[in-house]
Amino acid sequence: MSMALFFYNASVVMREMVLEDDIRVDGRGMDDIRELRGEVGVLPSVVHGSSVFERGSTQALAAVTLGAEADSQKLDSLVGPSSKRLMLHYSFPSFSVNESGPPRGVSRREVGHGALAEKALAAALPDPSTFPFAVRINAETLESNGSSSMAAVCSGSLALFDAGVPLKEHVGALSVGLVMDEPPSLSSSSSTSDAPSASGDKLPRYKIMTDLMGLEDVLGDMDFKIAGTRSGITAIQLDCKPKGIPLEILIEAMNKASVGRAKVIGVMEKTISTPNTESKVNAPRSTRMKIHPSLIGKLIGPGGSVIKGLEKDTGAKVAVLNDDGEVEIFAKSKESHDKAFAFVESIRTSFIEIGTNVEAVVVEEKPFGVILELPNGDQGLMHVSNFAHTRTEVAEGVFTIGEKIEVQVVEKDMKGNVKFSRKALLPGGRPGLSRGSSASGNRRFVPNLRR
């Protein structure tokens, strides 16, 4: 009983200070925001991004972890999306409000505040086509004196910038409060101001407070949390105690929140203005590239042996996304990514169009032709009939092992086997003689094109 009486008297005193004297509990004006501070990279590089955001006596620490798009959280709901790429976990330990309660599971309040902060940041997350990652944010409230969920939004945005997530702009947030006499429609004894409402009724006496602190939340009439960028709002949550709040007051509150949010974002931009372009060494990397559809089998290998061996050797995940040859590489570190990328790139560049002139090396001699090897390691046959325009009876002795010759790609089958021709590069009808012996014993010379 005595505690209830104390809070009632405290509420009366606070409300009269605000309504009559324009003075808040901590001496601020109605539109004043507490001191703001931000810092990034506060945790060791084992995390992909981190930050601390302070607003007065409210402080939030955020840590960002990046993962593959396949790491997105699966959702079992009957309607809506089947997964989500951004997961924000909000924590409000008892020590943040100078208490020593026993550790318990996540409360309903923490779930709700985390959902609000997650929604605010999810709206700014880049499209999967430009940023194919799943993101997890751990927002820890270190100290709280009002609007810790809005501090979680600000620290989360800073940490995303630190992790190199390409957000177009910062997401800032703060809460606005209200002290209001009960509207005449709800209480005939309430005093009113001279300002008319849209309906013609006089508005009650009220004051809107920017950057709500804890005691003002307890003793006041409204906690209006608003998050967004300079361009617009991404999430809101309204808690109010009166039976109703006139629309004109809510519109004014949103306008004041927009001005305050711009000040918050200004401080965040001074802390880090653009997302980091250089990811941390241990940060994951993802690349999408396209190979020719005929090379998909070469990348996968018999029974998947090539692609499985690549993943085992590099530690990266390599996936062929479709029959058009789109390949995704995801690796947990720069070294792993670069190794896998170099291998796939070597396969991509191994595709040669028919009619391309290339330099090849003779690696094996057959009775019916020679086996040539390209710089990328691919091999193909040059049949004896493609040595020159004139008939060459046997292949032995025409070229030497290790000799470099310029040839043209004249044929490729469905399996990717390549056939070469030297004859296609010679002037039409030009006679050539082999350096080897023909079946009749006559010696013929075949001019050798070399670089």
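Residues numbered from 1 in each chain as written. Predicted model: local features only at pLDDT ≥ 70, side-chain atom pairs only at ≥ 80, totals over all residues. Heavy atoms only, no water.

Chemist: Where do I start with the overall build of the protein in this structure?
Modeler: Scanning the protein from N- to C-terminus turns up eight helices and 23 strands. Within the protein, buried positions represent 44% of all 451 residues. Sequence separation of 24 or more characterises 67% of the internal contacts of the protein that already satisfy a separation of 6 or more. (Helix = DSSP H or I, 4+ residues; strand = E, 2+ residues; numbered from the N terminus. Buried < 20%, exposed > 50% of the residue type's maximum accessible area, 1.4 Å probe, protein only. Contact = heavy atoms within 4.5 Å.)

Chemist: Whenever I open this one, the pairing of strand β7 (residues 133-143) confuses me. Can you help?
Modeler: Side-chain direction in a regular strand flips from residue to residue, so the side chains alternate between the two faces of the sheet. Relative to β7, strand β3 (residues 58-68) runs antiparallel, the two being bridged by 10 bridges. When the bridges of β7 are listed, A68 appears paired with F133. Examined bridge by bridge, strand β6 (residues 86-91) and β7 share six bridges and lie parallel to one another. In the strand pairing of β7, Y90 is matched with A139. This β-α-β element, β6 to helix α2 (residues 108-122) to β7, shows left-handed connectivity. (Pairing = 2+ DSSP bridges. Right-handed = clockwise from strand over helix to strand, strands pointing away.)

Chemist: So what exactly am I meant to see when it comes to the layout of surface pockets here?
Modeler: The probe, sized like a water molecule, is rolled over the atoms to show the empty space still left. If you add up the space inside the largest pocket, you get close to 610 Å³. As for the largest pocket, its lining consists of 27 residues, and the residues nearest its centre are F92, G105, V106, S107 and E110. At the level of elements, β6, α2 and β7 are the ones that each hand at least two residues to the lining of the largest pocket. By residue number, the principal contributor to the lining of the largest pocket is α2, which donates six residues. (1 Å grid on protein atoms, 1.4 Å probe; cavity = no way out; pocket = protein on both sides within 12 Å on 5 of 7 lines; lining within 4 Å. Points joined across faces, edges and corners; volume = space filled by probe spheres on them.)

Chemist: So what exactly am I meant to see when it comes to the pattern of salt bridges here?
Modeler: Charged atoms that come close allow side chains of opposite charge to pair. This structure, assessed with the given rule, holds 25 salt bridges. A salt bridge links R28 to D26, with the nearest nitrogen and oxygen atoms 2.7 Å apart. Taking relative accessible area as the criterion, R28 reaches 10% and is therefore assigned buried. Judged by relative accessible area, D26 falls into the partly exposed class, the value being 35%. (Salt bridge = Lys/Arg side-chain N within 4 Å of Asp/Glu carboxyl O.)

Chemist: Please clarify how the packing of helix α3 (residues 148-162) against helix α5 (residues 247-271) should be interpreted in this entry.
Modeler: How two helices sit against one another is set out by the angle between their axes and by the gap between those axes. Close contact between α3 and α5 brings their axes to 11 Å; oriented N to C, the two are set at 30°. As the angle between them shows, α3 and α5 are arranged roughly parallel. Crossing of α3 over α5 shows right-handed handedness. Counting all contacts with α3, which are made through C154, S157 and L158, the residues of α5 involved are V264, M268 and T271. (Axes fitted to C-alpha atoms, helices over the stretch in contact; angles between N-to-C directions. Parallel < 35°, antiparallel > 145°, perpendicular 65-115°, else oblique. Left-handed = near helix turned anticlockwise from the far one by under 90°.)

Chemist: So what exactly am I meant to see when it comes to the sheet that holds strand β11 (residues 206-210) here?
Modeler: Think of a sheet as strands paired side by side through backbone hydrogen bonds, with each pair either parallel or antiparallel. Taking strand neighbours across the sheet as the criterion, the four strands line up as β11-β8-β12-β13 in an open arrangement whose pairing is antiparallel. A single partner strand is all that each edge strand has here, and the edge strands are β11 and β13 (233-240). Geometrically, the sheet is characterised by an average inter-axis angle of 15° between neighbouring strands, direction not taken into account. Pairing geometry for strand β8 (residues 172-180) and strand β12 (residues 222-228), over seven bridges, is antiparallel. Bridging across to β12, L174 finds its partner in I226. Set on the sheet, helix α1 (residues 2-21) makes contact with β8 and β11; between it and β8 the angle comes to about 100°. Lying on the sheet, α3 is in contact with β8 and β12; it crosses β8 at an angle near 160°.

Chemist: Would you explain unusual backbone geometry in this entry?
Modeler: Trans peptide bonds make up the majority, and among non-glycine residues the majority have a negative phi. Despite not being glycine, D22 shows a phi value in the positive range, around 55°. Inspection of the secondary structure assignment puts D22 in the loop between α1 and β1 (36-40). If you check the backbone angles, S147 has positive phi at about 55° while not being a glycine. Structurally, S147 can be placed in the loop between β7 and α3.

Chemist: Sorry if this is basic, but what is going on with the nonpolar core here?
Modeler: A general trend in soluble globular proteins is that nonpolar side chains are found buried together. In terms of nonpolar packing, the biggest core is built from 42 residues, with V135, I137 and V153 touching the most fellow members. At nine residues, α3 tops the list of elements feeding residues into this core. Apart from the residues lying within four places of it in its own chain, the contact partners of I137 are A62, A63, V64, L86, M87, L88, H89, L121, G156 and L160. (Core = buried A, V, L, I, M, F, W, Y, C linked by side-chain atoms within 4.5 Å.)

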